[in-house]
Amino acid sequence: MKTFPTHYLFWLFMVFFGCNIGSENNHDEQFIVSVGNNKEPLPDELQPFIPEGHVPMLLERGDFNKDGLSDYFIALQILLPANLGEEKTRELNRRLSSPSLVILRQKDNTLILHTKNERAILQGYALGINGKDLRIAADSLGGGFTISYITRDTETQGLYSVDDYHFTYDNTTDSFYLNNVKEEFGVLKPELHPELMATTAKEYKPKVGKFDIELGTIPFNSFDFIKYLEAGGPHQKKTQP
């Protein structure tokens, strides 16, 4: 007597109970990442590091711990239910945090998850929502990486701010520490927006509250950019009275 193949039984069960087996779980759609200005498939060796319910958004390669081997920095996107609608999905993506992973290569060519941070990146930045952008750059000579948070005024497309947070590897503690902060704001094209040159300083308020950052003491896994934003910096636009 022939037995009915088990994979057919599974398929019939999924169809009968209306389970979603559509494109939301499509491997090719989920594992495409932005690398610089290009998009490419996620390297196969990184797929085991992607947790269920997430897809990789941004990828940077580099020698982060200065051992001559190629490592990875990945920013992940938390997947939302497909039935939320475009507006709700956009609003949630704007506010959600994005897990970020520093994955280091070992001498035997295997990879390990070295550092994870749940609050260093806002998903809206990584997705480029509402004039926000995120860039990850490995040091050219190895030994660290920079996270750049970029905002642009969505009404005028004239004002901008760039906040660079550089992390360097400390071999003695096997950790990445924040060792440099660069913050700036201004007008993208002054010749097109001369009126903004006089008002830029008034448009953005200085940081409020206590922002004592002792460089060299904050490890990447403790860096909390979201808390920093919620407290009023960096370069938050003044609210109208």
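Residues numbered from 1 in each chain as written. Predicted model: local features only at pLDDT ≥ 70, side-chain atom pairs only at ≥ 80, totals over all residues. Heavy atoms only, no water.

Caption draft 1: Examining the packing of aromatic side chains more closely. Tallied over the entire structure, the rule returns 15 aromatic pairs. With 5.6 Å between their ring centres and 75 degrees between their planes, Tyr149 and Tyr165 make a pair best called edge-to-face. In this pair, Tyr149 is assigned in strand β8 (residues 144-152) and Tyr165 in strand β9 (residues 159-170), connecting sequence segments 16 residues apart. Across this residue pair, the class does not change: Tyr149 and Tyr165 are buried. (Phe/Tyr/Trp six-rings, centres within 6.5 Å; stacked < 30°, edge-to-face > 60°. Helix = DSSP H or I, 4+ residues; strand = E, 2+ residues; numbered from the N terminus. Buried < 20%, exposed > 50% of the residue type's maximum accessible area, 1.4 Å probe, protein only.)

Caption draft 2: How the structure looks around the sheet that holds strand β7 (residues 132-138). Here four strands make up an open sheet; going across it, the order is β7-β8-β9-β10 and the pairing antiparallel. Two strands close off the open sheet at either side, each with one partner strand: β7 and β10 (175-187). Strand after strand, the sheet turns through a mean of 15 degrees between neighbouring axes, direction not considered. Sheet analysis places β8 next to β9, joined by nine bridges and oriented antiparallel. Looking across to β9, one finds that Arg152 is bridged to Tyr160. (Pairing = 2+ DSSP bridges. Axes fitted to C-alpha atoms, helices over the stretch in contact; angles between N-to-C directions.)

Caption draft 3: Inspection of the pairing of strand β1 (residues 32-35) at higher detail. Pairing geometry for β1 and strand β2 (residues 38-41), over four bridges, is antiparallel. Paired with Ser34 across the bridge in β2 is Lys39.

Caption draft 4: Molecular detail of the confidence of the model for the protein. Scored by pLDDT, the protein comes out at a mean of 78, with 71% of its residues at no less than 70. Element-level mean pLDDT values for the protein span from 34 in helix α1 (residues 6-16) up to 98 in strand β5 (residues 100-105). Segment residues 1-28 is flagged for pLDDT under 50; beyond a separation of four residues in sequence, or across chains, it makes 13 contacts in the model. With pLDDT under 50 throughout, residues 237-241 is counted as low confidence; its partners more than four residues away or in other chains account for seven contacts. (pLDDT = per-residue confidence, 0-100. Contact = heavy atoms within 4.5 Å.)

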